[in-house]
Amino acid sequence: MPDGYLLQNVRAAWRVYDGEAVIISPEDSTLHTLNPVGTLIWEAADGHSTLDAIVTRVCQTFAVDHATAARDAAAFVDSLCQRGLLTVVDTPPPAA
Amino acid sequence: MDELTLEIGGLRSAIVTRHPEVADVIARRYRGFLTSAPAHWWIEAEVRPEGLVALDDVVVRPTGGARRLEVERHDFLATLDLDERTGTLWLGAIDHIAIDTFLRVAYSLALLPAGALLVHAASLSRAGRAWMFPGPSGSGKTTLTRLSADADLLSDEISIVRLDSDGPRCYGSPFWGDLARPGENHAVPMAAIHFLRHADRHAVVPLGAREALTVLLPNVLFFATGPALVARVLEVAAELTARVPCFTLGFRPEPSVWEVIAVA
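Everything in this summary refers to the structure shown in the same document. (Residues numbered from 1 in each chain as written. Chains lettered and ligands numbered in written order. Predicted model: local features only at pLDDT ≥ 70, side-chain atom pairs only at ≥ 80, totals over all residues. Heavy atoms only, no water.)

### Concerning the sheet that holds strand β4 (residues 31-33) of chain A
All names here are of chain A.
- In space, the three strands of this open sheet follow the order β2-β3-β4, with antiparallel pairing throughout. Where the open sheet ends on each side, the last strands, each with one partner, are β2 (13-17) and β4. When the angles between neighbouring strand axes are averaged without regard to direction, this sheet yields 15°.
- When β2 meets strand β3 (residues 20-24), the two strands line up antiparallel, connected through five bridges. Within β3, the position partnered with Arg15 by the bridge is Val22. (Pairing = 2+ DSSP bridges. Helix = DSSP H or I, 4+ residues; strand = E, 2+ residues; numbered from the N terminus. Axes fitted to C-alpha atoms, helices over the stretch in contact; angles between N-to-C directions.)

Structure representation (structure tokens):
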């Protein structure tokens, strides 16, 4: 599981319908749709939450054990990072 | 100098050129979309007889900021300033194909602030209401328009939908496909959006807002660059799919398809 804080690409355009996010990549205008677990992770990626803290929220919201959630969330975060939608930062960004 | 003003999707652009042959192509190709009303946009059209770079697809890139764009293909090079509402067009070939391609890109961007999208879709009006039928090539857009003899054609290829103050409306479009004829130049309140698919029987299935948005977006002409323009495309598409009933439409190529379209 990556250390650090998850941060959305602020250039991405997105909205959530019934707990499921629709995201457009800013660089190539690719459309991405997320399931409810992915949407929870995406919405929590505010630069002030670690993946471990977000996984704890996933376990509280969905019926899943921590080890499974951590493994799946790490793979999901890696996928979004490769698509340029998320970054993992060492320190939280200053408040706006 | 010749000056011709086009009104497409409710937005007027004046095209100024010192080349009579360019003016002649525009006057003939967009005959039903000419107006004498004042223009919102100004575009200067020039000719570059030495030819341009070999790019088959349109390339749109920011130049000096996200709202100043360069548009290029093998047969034209253009700039668009979205704030100044001005553009320049250098044509490598004086034909309606180069001009039409440029105008599709230009209008997809220029109409965004007004809440309008250009959509890869056929559109038809009947009894004062408009239906739009998005779908990729081969999905049945032209077939459906040919089955609709009692409907007015708004477009067989690139439709224009706009969130007007009195509700979403579909505008007649000069951007044609296989039919090679423009739509009727008027705006009609939207009745529904039907996403086409081939089937062995007519079937209409309602779509939720999220599903409708995700199937609409791949059909939107999307040359926007920069987060603000991309966000605007998403905003307009989301509002459109929230306000207009959306369906998938499976159909056999028979005129009776309107029996299921009109009642959905």
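On we go.
### Some remarks on empty space enclosed by the protein
Residues and elements named next belong to chain B.
- Summed over all chains, the structure comprises one cavity of 30 Å³ or more.
- Its boundaries defined by the atoms lining it, the largest cavity holds a volume of some 50 Å³.
- In terms of lining residues, the largest cavity is bounded by Ser108, Leu109, Leu112, Leu117, Leu118, Val220, Leu221, Phe222, Phe223, Ala224 and Val233.
- Those elements that provide at least two residues to the lining of the largest cavity are α2 (96-110) and β9 (116-126).
- Across the lining of the largest cavity, the residue classes break down as 10 nonpolar, one polar and no charged. (1 Å grid on protein atoms, 1.4 Å probe; cavity = no way out; pocket = protein on both sides within 12 Å on 5 of 7 lines; lining within 4 Å. Points joined across faces, edges and corners; volume = space filled by probe spheres on them. Nonpolar A, V, L, I, M, F, W, Y, C, P; charged D, E, K, R; others polar.)

### Focus on the interface of chain B and chain A
- In this assembly, 14 residues from chain B lie in contact with 13 residues from chain A.
- Between chain B and chain A, roughly 1,200 Å² of surface is buried when both sides are summed, and carbon and sulfur atoms account for 73% of that area.
- When the area that chain B buries against chain A is broken down by residue, the three leading residues are B:Arg210, B:Pro227 and B:Leu234, summing to 46%.
- Summed over the shared surface of chain B and chain A, the result is one salt bridge.
- Between A:Glu20 and B:Arg210 there is a salt bridge, with the nearest N and O atoms lying 3.0 Å from each other.
- At the surface where chain B touches chain A, the tally comes to two residue pairs in polar contact (both at pLDDT 80 or more).
- Elements supplying a minimum of two residues to the side of chain B that touches chain A: α4 (209-216) and α5 (227-243) of chain B.
- Looking at the side of chain B that touches chain A residue by residue, the classes come out as 11 nonpolar, one polar and two charged. (Contact = heavy atoms within 4.5 Å. Buried area = accessible area lost by both parts, 1.4 Å probe. Salt bridge = Lys/Arg side-chain N within 4 Å of Asp/Glu carboxyl O. Polar contact = N/O pair within 3.5 Å; in protein donor to acceptor, adjacent residues only side chain to side chain.)

### A closer look at the sheet that holds strand β6 (residues 86-89) of chain A
Residues and elements named next belong to chain A.
- Reading across the sheet, the three strands line up as β5-β1-β6 and stay open at both edges, with antiparallel pairing between neighbours. Two strands in the sheet have a free side with no partner beyond their single neighbour: β5 (46-50) and β6. If you compare each strand with its neighbour and ignore which way they point, the axes differ by 30° on average.
- Each of β1 (5-8) and β5 touches helix α2 (residues 51-61); the most contacted strand, β5, lies at about 75° to it.

### Some words on the side chain of B:Ser108
- Position of B:Ser108 among the secondary structure elements: in helix α2.
- Among all residues touching B:Ser108, those that are not within four sequence positions of it are B:Leu118, B:Leu221 and B:Phe223.

### Looking at the layout of surface pockets
Residues and elements named next belong to chain A.
- If you add up the space inside the largest pocket, you get close to 150 Å³.
- For the lining of the largest pocket, the elements supplying multiple residues, two or more each, are α1 (36-44) and α3 (66-82).
- The dominant element in the lining of the largest pocket, judged by the number of residues it contributes, is α3, at five residues.

### Remarks on the pattern of salt bridges
All names here are of chain B.
- Under the criterion given, the structure shown has 19 salt bridges over all chains.
- Across the pair Asp164 and Arg162 runs a salt bridge, and its minimum N-O distance is 3.0 Å.
- The exposure class of Arg162 is buried, given its relative accessible area of 16%.
- Here Arg169 ties to Asp166 by a salt bridge, and the two come within 4.0 Å at their closest N and O atoms. (Buried < 20%, exposed > 50% of the residue type's maximum accessible area, 1.4 Å probe, protein only.)

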